[in-house]
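Read off the chains here:
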Amino acid sequence: MAASTTSFVLDIWYFAGLSSDVKPGKMVRREIAGEPITLGRDEDGTVFALRDICPHRAAPLSSGCVKSGTVECPYHGWRFGIKDGACKDIPALCDGQEMETGKIKVRTFPTQEKGRLIWVFISSDKRFAGVPDIKPPSFPFASRKATLDDSLTLNCHVDHAVIGLMDPAHGPYVHRQWWWRSEHSMHEKTKEFAPAERGFTMVAHSPSSNSFAYKLLGGKPVTEITFRLPGIRTEKIKVGKKTVLSFTAVTPMDESRTQIRQIFFTDHGLFKALSPLIRIGAKVFLRQDAHMVNLQQMGLAYDPTLMLVEDSDTQAKWYFSLKKAWAKSCESGAAFVNPVKAKTLRWRS
Ligand code: FES
Ligand SMILES: [Fe+2]
């Protein structure tokens, strides 16, 4: 089966950042699925998202300021409502120069803040301004302060980033280091998978004996890894009563740039104590992935046919079929049917 890079997943909630990214009265710029977005918070705490292009002459609204329920453009001071995106004021107009400013609109994006996670809904209908009929995924454990937070931009289409991160076969080659694993520690693995909401789960299991990093946690860690559309991977590691949640959002910025944000939430004392060390390890790990997908671009530039082979590439196949099924259900209005069936996968890594 050939891996194809198609457009982005739409009509879905994208992770846009942590609550602490957007202070009251401030804005930050985001690029999500080809849309420039100013993500902001008004003075009383409400999060909002508007297209980051002023309808007057395209200045980025994110460089302007938030003023009592509106965003003021930094160029000529036009103001737009944070809820409806309608223009409320054009300061350069004189008395007698009446204009129906409210007809000038910036696109608004539905937003939700749950726990410490902010979600933005990207609709395929650019005029969509209602309430989406699906909810963002829920991660109750992510309502505590993040212990680690790292982000990186990859120079590739989101599909390559997603299938690269979920691919189990690259570990011993891309992440070859004493504290993780080596080519020599490779052995056959058997993992159970089950469908999950808009994705699939590698059901709870004890991590491989060749994963040194897990040993740091002590006890008998049990890990459960879930992937869901559009590109949210979570790994929940339980050690006794304690939890480490690794939350990774893989977000397309545009066709050739992808943002990866990796955040750890935990109540595990030792993990917290060791977090400066773990931070270094996690950074190295993510940058090894980034280096590989950047290298891969050398080949992809020639648009070769790609292969997805046997069980080690089955998760990638599932990703493409999930994407397809999602697009089909959004287009037809029919309920989304998860194409993933429970399955045992075997590979060597
Ligand atoms: S470009 Fe925004 S007000 Fe002129
Ligand atoms: Fe990797």
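The structure reproduced in this document is the subject of the present report. (Residues numbered from 1 in each chain as written. Chains lettered and ligands numbered in written order. Predicted model: local features only at pLDDT ≥ 70, side-chain atom pairs only at ≥ 80, totals over all residues. Heavy atoms only, no water.)

1. Considering the sheet that holds strand S8 (residues 87–89)
Pairing is antiparallel across the open sheet formed by four strands, whose spatial order is S5-S6-S7-S8. At either margin of the open sheet sits one strand with a lone partner, and together these are strand S5 (65–67) and S8. Across the sheet, the mean angle separating the axes of adjacent strands is 35° when strand polarity is ignored. (Pairing = 2+ DSSP bridges. Helix = DSSP H or I, 4+ residues; strand = E, 2+ residues; numbered from the N terminus. Axes fitted to C-alpha atoms, helices over the stretch in contact; angles between N-to-C directions.)

2. Quick look at the coordination of the iron ion (ligand 2)
Every protein donor of the iron ion (ligand 2) is listed here as His 170 (NE2), His 175 (NE2), Asp 289 (OD) and Asp 289 (OD), and their distances to the metal cover 2.0 to 2.7 Å. In this structure, the iron ion (ligand 2) is coordinated by four donor atoms arranged in irregular fashion, with angles at the metal of 53 to 147°. In terms of primary sequence, the donors binding the iron ion (ligand 2) are separated according to H-x4-H-x113-D. Of the two residues, His 170 is situated in the loop between helix H1 (158–166) and helix H2 (171–174) and Asp 289 in helix H5 (residues 275–300); the sequence distance between them amounts to 119 residues. Judged on exposure class, the residue His 170 and its partner Asp 289 are both buried. (Donors = N, O, S within 2.8 Å, 3.2 Å for Na, K, Ca; no water. Tetrahedral: all angles 85-135°; square planar, octahedral: opposite > 155°, others 65-115°. Buried < 20%, exposed > 50% of the residue type's maximum accessible area, 1.4 Å probe, protein only.)

3. Here's the deal with the environment of Lys 145
The topology assignment puts Lys 145 in the loop between strand S11 (117–122) and strand S12 (148–154). As a C-alpha pair, Lys 145 and Ile 163 span 18 residues in sequence and 29 Å in three-dimensional space.

4. A word on the state of the cysteines
Within the structure shown, the criterion is met by zero disulfides. Cysteine Cys 94 shares no disulfide, and the gap to the nearest cysteine sulfur, in Cys 87, comes to 15 Å. (Disulfide = S-S within 2.5 Å.)

5. A word on the nonpolar core
Core analysis: the largest hydrophobic core is formed by 61 residues, its most contacted members being Leu 117, Phe 247, Phe 265 and Tyr 319. Residues lining this core come from more than one domain, with at least three contributed by each of domain 1 (12–122) and domain 2 (140–348). If near-sequence neighbours (up to four positions away) are discounted, Tyr 319 is found in contact with Val 158, Asp 159, Val 162, Ile 163, Met 166, Phe 200, Phe 227, Leu 229 and Pro 230. Counting residues in hydrophobic clusters, the runner-up holds 16 residues, among them Phe 48, Leu 50, Phe 80 and Cys 87. (Core = buried A, V, L, I, M, F, W, Y, C linked by side-chain atoms within 4.5 Å. Domains from an automatic or database assignment. Contact = heavy atoms within 4.5 Å.)

6. Thoughts on the sheet that holds strand S15 (residues 222–228)
Strands in a sheet are paired, the pairing made by backbone hydrogen bonds, and the direction either parallel or antiparallel. Here we have eight strands laid out as an open sheet, ordered S12-S18-S17-S16-S15-S14-S13-S19, and antiparallel in their pairing. Since the sheet does not close on itself, it has two edges, and those belong to S12 and strand S19 (343–348), each with one partner. If you compare each strand with its neighbour and ignore which way they point, the axes differ by 20° on average. With four bridges connecting them, strand S13 (residues 188–196) and strand S14 (residues 199–205) associate as antiparallel partners. Residue pairing for S14: Pro 195 is matched across the bridge by Phe 200. Sheet strands touched by H1: S12, S14, S15, strand S17 (242–254) and strand S18 (257–266). Its angle to S17, the strand with the most contacts, is close to 155°.

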